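# Reading the structure
Listed below, chain by chain, are the residues.
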Amino acid sequence: MLAPTYQTFKDIVSASIDPKRILTNPLQTLAYGTDASFYRLIPKIVILVHNETEVIEIIKQAKLLDIALTFRAAGTSLSGQAITDSVLVVATHGWKNFELLDNNQRVKLEPGIIGAKANNYLAPHGLKIGPDPASIGACMIGGIVANNASGMCCGTAQNSYQTIADIRIVLHDGTILDTADAQSVAAFKKDQSALIQEIENLRDQIKSNETLYHQIQNKFKIKNTTGYSINALVDYQDPIDIIKHLMVGSEGTLAFISNVTFKTVIDEKYKSCSLIFFHTIQDACKATILLKSSPVAAVELLDRESIRSVENDYDAPDYFKTLPESACALLVECRDNDLNVLKEKQDAIRLQIQSIPTYTDYEFTSDPKQYYFNWKARKGLLPTVGGLRKNGTTVIIEDVAFPLPQLADACLELKDLFKKYEYHDAVLFGHALEGNLHFVFSQDFSNQTEVDRYEKLMSELSVLVVDRFNGSLKAEHGTGRNMAPFVEKEWGSTAYEIMKRIKNIFDPNNKINPDVIINPDPKAHLKNLKPLPECNDIVDKCMECGFCEPHCVSEGLTLSPRQRIVIAREISRLESTNEDPQRLADIRKDVTYQLDETCATDGLCALACPVHIDTGKFVKTWRASQLDTGNKKVAAYIGSHMAGTTAFMRTGLKIVSFFHSIFGTTIMTALSNLSHFITFGKVPKWIPEMPKGAHKINTNQKHL
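Chains are numbered independently. Their residues run from 1 in the order of the written sequence. In keeping with the model being predicted, local features are shown solely for residues with a pLDDT of at least 70 and side-chain atom pairs are shown and tallied solely at 80 or more, while totals for entire chains, interfaces and linings include all residues. Computation of side-chain values covers all heavy atoms of the structure but excludes hydrogens and water.

## Overview of the overall build of the protein chain
Worth spelling out the cut-off: Numbering of helices and strands runs from the N terminus, with a helix taken as a DSSP run of H or I at least four residues long and a strand as a DSSP run of E at least two residues long. For a compact globule the rule gives 2.2 Å times the number of residues to the power 0.38, and the radius of gyration it is set against comes from C-alpha atoms. Between buried and exposed lies partly exposed: a residue is buried under 20% and exposed over 50% of the maximum accessible area for its type, with that area taken using a 1.4 Å probe on protein chains only. Working rule for contacts: check all heavy atoms of both residues, and any pair within 4.5 Å makes them a contact. The Shrake-Rupley method, run with a 1.4 Å probe sphere, supplies the accessible areas, and residue values consider only the shown protein chains as cover.
The helix and strand tally for the protein chain stands at 25 helices and 17 strands. Taking 27 Å as the expected radius of gyration for a compact globule of 704 residues, we find that the protein chain reaches 28 Å, a close match to that expectation. Taking all 704 residues of the protein chain together, 55% fall into the buried category. Considering only contacts in the protein chain between residues 6 or more positions apart, those separated by 24 or more positions represent 73%. Carbon and sulfur atoms form 53% of the exposed surface of the protein chain, whose accessible area is close to 30,600 Å².

## Regarding the sheet that holds strand 9 (residues 176–178)
Condition: Here a strand pair is declared whenever DSSP counts at least two bridges between the two strands. Helix axes are fitted only over the stretch in contact, all axes being lines through C-alpha atoms; the angle between N-to-C directions runs from 0 to 180 degrees.
Strand order in the open sheet formed by 5 strands is 5-6-10-8-9, and the pairing between neighbours is antiparallel. The strands lining the two open edges of the sheet, one partner per strand, are strand 5 (98–101) and strand 9. Strand-to-strand twist in this sheet, taken as the mean axis angle between neighbours without regard to direction, amounts to 15°. Inspection of the sheet shows strand 6 (residues 106–109) paired to strand 10 (residues 256–263) by 4 bridges, in the antiparallel sense. For Leu109, the partnering residue across the bridge sits in strand 10 and is Val260. Each of strand 8 (164–170), strand 9 and strand 10 touches helix 3 (residues 52–65); the most contacted strand, strand 8, lies at about 50° to it. Against the sheet, helix 11 (residues 239–247) touches strand 8 and strand 9, its axis set at about 80° to strand 8.

## Observations concerning the layout of surface pockets
Using a probe with the size of a water molecule, rolled over the atoms, empty space left in the structure can be pinpointed. Heads up, the rule is: Points on a 1 Å grid, built from protein atoms alone, make a cavity when a 1.4 Å probe fits but cannot get out and make a pocket when they are open with protein on both sides within 12 Å along at least 5 of 7 lines; residues with an atom within 4 Å of a point are the lining residues. Grid points are joined across faces, edges and corners, and a volume is the space filled by probe spheres set on the points.
When its volume is computed, the second largest pocket comes out at roughly 450 Å³. Around the second largest pocket, the lining is made up of 17 residues, and of these Gly652, Val656, Val683, Pro684 and Met690 lie nearest the centre.

## A word on the pattern of salt bridges
To keep it simple, the criterion reads: The working definition used for a salt bridge is a side-chain nitrogen of Lys or Arg within 4 Å of a carboxyl oxygen of Asp or Glu.
In the structure shown here, the tally under the stated rule is 40 salt bridges. The salt bridge partner of Lys511 is Asp66, with a shortest N-O separation of 3.8 Å. Highlighted residues: Lys511 in the loop between helix 19 (487–506) and helix 20 (561–577) and Asp66 in the loop between helix 3 and strand 3 (69–72), separated in sequence by 445 residues. A residue is classified by how much of its surface remains accessible, and Lys511, at 26% relative accessible area, is partly exposed. For the salt bridge of Arg453 with Glu450, the shortest nitrogen-to-oxygen distance reads 2.9 Å. With Arg453 and Glu450 both in helix 18 (residues 448–468) and 3 residues apart, this pair spans about one turn of that helix. For Arg453, a relative accessible area of 19% puts it in the buried group.

## Describing the side chain of Gln61
Its place among the elements puts Gln61 in helix 3. By relative accessible area, which is 15% here, Gln61 ends up buried. Apart from residues no more than four positions distant in its own chain, Gln61 is found in contact with Phe9, Ile12 and Val13.

## Quick word on the pairing of strand 15 (residues 394–401)
Put simply, side chains in a regular strand alternate between the two faces of the sheet. Buried residues dominate strand 15, accounting for 8 of its 8 residues. Every second residue of strand 15 is oriented toward a common face, with Thr394, Ile396, Glu398 and Val400 on one face and Val395, Ile397, Asp399 and Ala401 on the other, all of them buried. Inspection of the sheet shows strand 15 paired to strand 17 (residues 436–443) by 8 bridges, in the antiparallel sense. Across the sheet, the residue bridging to Ile397 is Val440, located in strand 17.

## Observations regarding empty space enclosed by the protein
In plain terms, the rule: Only Asp, Glu, Lys and Arg are considered charged in this grouping, and only Ala, Val, Leu, Ile, Met, Phe, Trp, Tyr, Cys and Pro are considered nonpolar; every other residue, Gly among them, is considered polar.
Tallied over the full model, the rule gives 6 cavities of 30 Å³ or more. Considering only enclosed or pocket space, the largest cavity measures out at about 750 Å³ in volume. Lining the largest cavity are 44 residues, with Thr76, Ser77, Cys139, Gly143 and Asn147 positioned closest to its centre. Broken down by secondary-structure element, the contributors of at least two residues to the lining of the largest cavity are strand 3, helix 5 (141–146), strand 10, helix 15 (368–379), helix 16 (381–388) and strand 16 (427–431). Ranked by the residues each element gives to the lining of the largest cavity, the list is headed by helix 5, at 4 residues. Volume-wise, the second largest cavity comes out at about 130 Å³. Lining the second largest cavity are 17 residues, and of these Cys542, Cys545, Cys548, Cys609 and Ile613 lie nearest its centre. When grouped by side-chain class, the residues that make up the lining of the second largest cavity number 12 nonpolar, 2 polar and 3 charged.

## A short note on the nonpolar core
Definition in use: We define the nonpolar core as a collection of buried residues of types Ala, Val, Leu, Ile, Met, Phe, Trp, Tyr and Cys that are connected through side-chain atoms lying within 4.5 Å of one another.
Ranked by internal contacts, the top residues of the largest apolar core, which has 59 residues, are Leu291, Leu330, Val332, Phe402, Leu414, Leu437 and Tyr454. No other element matches helix 18, which puts 8 residues into this core. In this structure, Tyr121, Val185, Ile196 and Phe506 belong to the second largest nonpolar core, which totals 58 residues.

## Some remarks on the packing of aromatic side chains
Counted only if it meets this: Classification of ring pairs rests on two measures: the distance between centres of Phe, Tyr or Trp rings, Trp counted by its six-membered ring, which must be within 6.5 Å, and the angle between planes, read as stacked under 30 degrees, edge-to-face over 60 and tilted in between. Whether a charge lies above a ring is judged from NZ of Lys or CZ of Arg, which has to be within 6 Å of the ring centre and within 35 degrees of the ring normal.
The full count for this structure, using the stated rule, is 21 aromatic pairs. Ring geometry for Trp95 versus Phe256: centroids 5.4 Å apart, planes at 65°, classification edge-to-face. Of the two residues, Trp95 sits in the loop between strand 4 (87–90) and strand 5 while Phe256 sits in strand 10, which places them 161 residues apart along the sequence. Looking at Trp95, the relative accessible area reads 2%, which means it is buried. Between Tyr362 and Phe364, the aromatic rings sit 6.3 Å apart at their centres with planes inclined by 75°, giving edge-to-face as the arrangement. In this structure Tyr362 comes out as buried when scored by relative accessible area, which is 10%. On the basis of relative accessible area, Phe364 is assigned to the buried category, the value being 13%. Sitting over the ring of Tyr362, Arg350 keeps its end group 4.4 Å from the ring centre. The ring of Tyr423 carries Arg453 above its face, with NZ or CZ at 4.0 Å from the centroid.

## Considerations on unusual backbone geometry
Positive phi is not limited to glycine here, since Asp515 has a value of about 75°. Within the fold, Asp515 resides in the loop between helix 19 and helix 20. The backbone phi angle of Asn528 is positive, close to 60°, even though this residue is not glycine. Structurally, the position occupied by Asn528 is in the loop between helix 19 and helix 20.

## A closer look at helix 3
Under the convention used in this document: A helix is expected to span 1.5 Å for every residue after the first. By the criterion applied in these results, polar contacts are pairs of N or O atoms within 3.5 Å in which, for protein atoms, one can donate a hydrogen and the other can accept it, and in which residues neighboring in sequence qualify only through two side-chain atoms.
The end-to-end C-alpha distance of helix 3, which contains 14 residues, comes to 20 Å, matching closely the 20 Å that a straight helix rising 1.5 Å per residue would cover. Sitting at the amino-terminal end of helix 3 is Asn51, which places a side-chain oxygen 3.1 Å from the backbone nitrogen of Thr53.

## What to know about the state of the cysteines
Quick note on the threshold: Two cysteine sulfurs form a disulfide in these notes if their separation is within 2.5 Å.
Counted under the stated rule, the structure contains 0 disulfides. The thiol of Cys545 is not disulfide-bonded; the next cysteine sulfur, from Cys609, is found 6.2 Å away. You can call Cys545 buried: its relative accessible area is 12%. The thiol sulfur of Cys548 is not disulfide-bonded, and the nearest other cysteine sulfur, from Cys605, lies at 6.4 Å. Take Cys548: its relative accessible area is 11%, and that puts it in the buried class.

## What to know about helix 8 (residues 193–207)
Applied cut-off: The arc in question is the one spanned by the directions pointing from the helix axis to the C-beta atoms.
For helix 8, spanning 15 residues, the distance from its first C-alpha to its last is 21 Å, which sits close to the expected 21 Å at 1.5 Å a residue. Within helix 8, burial applies to Leu195, Ile196, Ile199, Leu202, Arg203 and Ile206. The buried residues of helix 8 all sit within an arc of 125° when viewed along its axis, so they share a single face. Looking at the buried side of helix 8, the elements it contacts are helix 7 (182–191), helix 9 (210–219), helix 10 (232–235), helix 11 and helix 19.

Here it is as structure tokens:
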């Protein structure tokens, strides 16, 4: 039962939003409340919004009732950006519109469009959007902008911050700002003059503080998503431009993003890549420094443990298993629209790093199979490592950035840190060209000793990154809840106070995605940790990344594969702990339709899953487990008497068709509905489209 304030809120918004899209039952709030991070909060209400008018109504009513809101697109963020125990507003279905502008030089996109889909719209024109995160096949435009997504090839030149042209946002009081609309901008400047003045004050304060000004400039020379994008206050003079860029990376804490316009970038026609192995990680980092001035599109580092995690892939070369422990690989990509120029770039890259010995010879490849494997090995590292973890543990990914000249030393010290705290499964990889490293490891949060170990690691990591190398604690995955306690550590008190003022300017009551980015709790990263209990061997390796969702035919009708696994895990947890029998009963009440009956069990999710989890296969086992002895006997009988069963069905369909020809459709429909009603659904409804019984196939007939 909802608390009175939330019930009032639900009653009010139900007048203008389809009540079927306002979810409050325990199964759906848990399913939709779960994202790809290792944190979990269960919202009291989930609203599946379809347009901006609905969002404005929700924002206004929530403000009147002092209710916190969190906005969500695909839920693929990793640091706890989009979870809440209040109201979750999901903008996916109904937010798919796009528009090509200025001879395709810009593209306007709504937040529910998947990044890869946006590129599909642009592909016929040889263009794409700038950000290219590894999750681009699942993440959506709203999250890409809200997290200042970058990726493997865009660096800091073509990330969301650099390629945004315009944005349309809804503020905490329902005010709209559309930076592409001169009238909207003029009205905003007139009606929100106090907000504009505050932005200008912050801008002027920073520009009058030489130390702070240069600190901001220097920290954004490398990838940095720790805290707000306060480089906007340095890079731009006009307050509208500043607001536009402050929204990038704000993680839904300042406003709702209705649409965004990106400047498009060229998607070169010809691409080739090479997986180059070096004897040591130091050699790989030295090569990266040399490659910085060569015509490369991407340079990705994979340490020995990263290679080990993919060496059993079907397409992995055998020599992967024989590499020495010190080996390190760089995945180097070059691109061009001219094939001859592409080959010249390959030669230039070879020449650039010829002074550094490689472990094996290497070739650039455009062969689709080899090219795809090279990038699959890199893009799938997070879920792949997640799939190798021990059941019951979660997988954590952190991403940090260092000045490129210090990358080698930073790699070695990070590895020493993993050894110190016995994270023996940790792998190190990332966008070496930008000094951006990701590290992935499994973590058990089921006991205090393990939580303490994680706390010590994070504490020492912050010292290593900030004090030792002056790097950034979050390069591209966003601050979220995970790094919120360390924002001040990285930026210092002066810059942190400015970030707090930014939050207060746009959200004075702290009701828009609270506790994300700005969080005074020094232990916030250790709270609300997601349980991942063992459930079934088929799905236990799932890390809830959400890569499966765009491929699921029932996603949007009921649950996605990720959500089915979430529900199955919770049922397993509640059954084993007996923690809340009523909650278990409430979830079980809806599970048959949501998890079982609406799953197509087609296995399409396994094609998209980096660890090949077939949720359909799991649902089949679930379905079988729900059958009683009598049903199983009937199924076994039918299975062993198929000839008789099909003969019986043919005859039955012929009989039904005969009566249909006599009674006609109207009377037949009425009789069918009556039979269905008086048998309490045991007799299925007849529909006019039902086929006639076919003639038996003569298997002895010879075919010419």
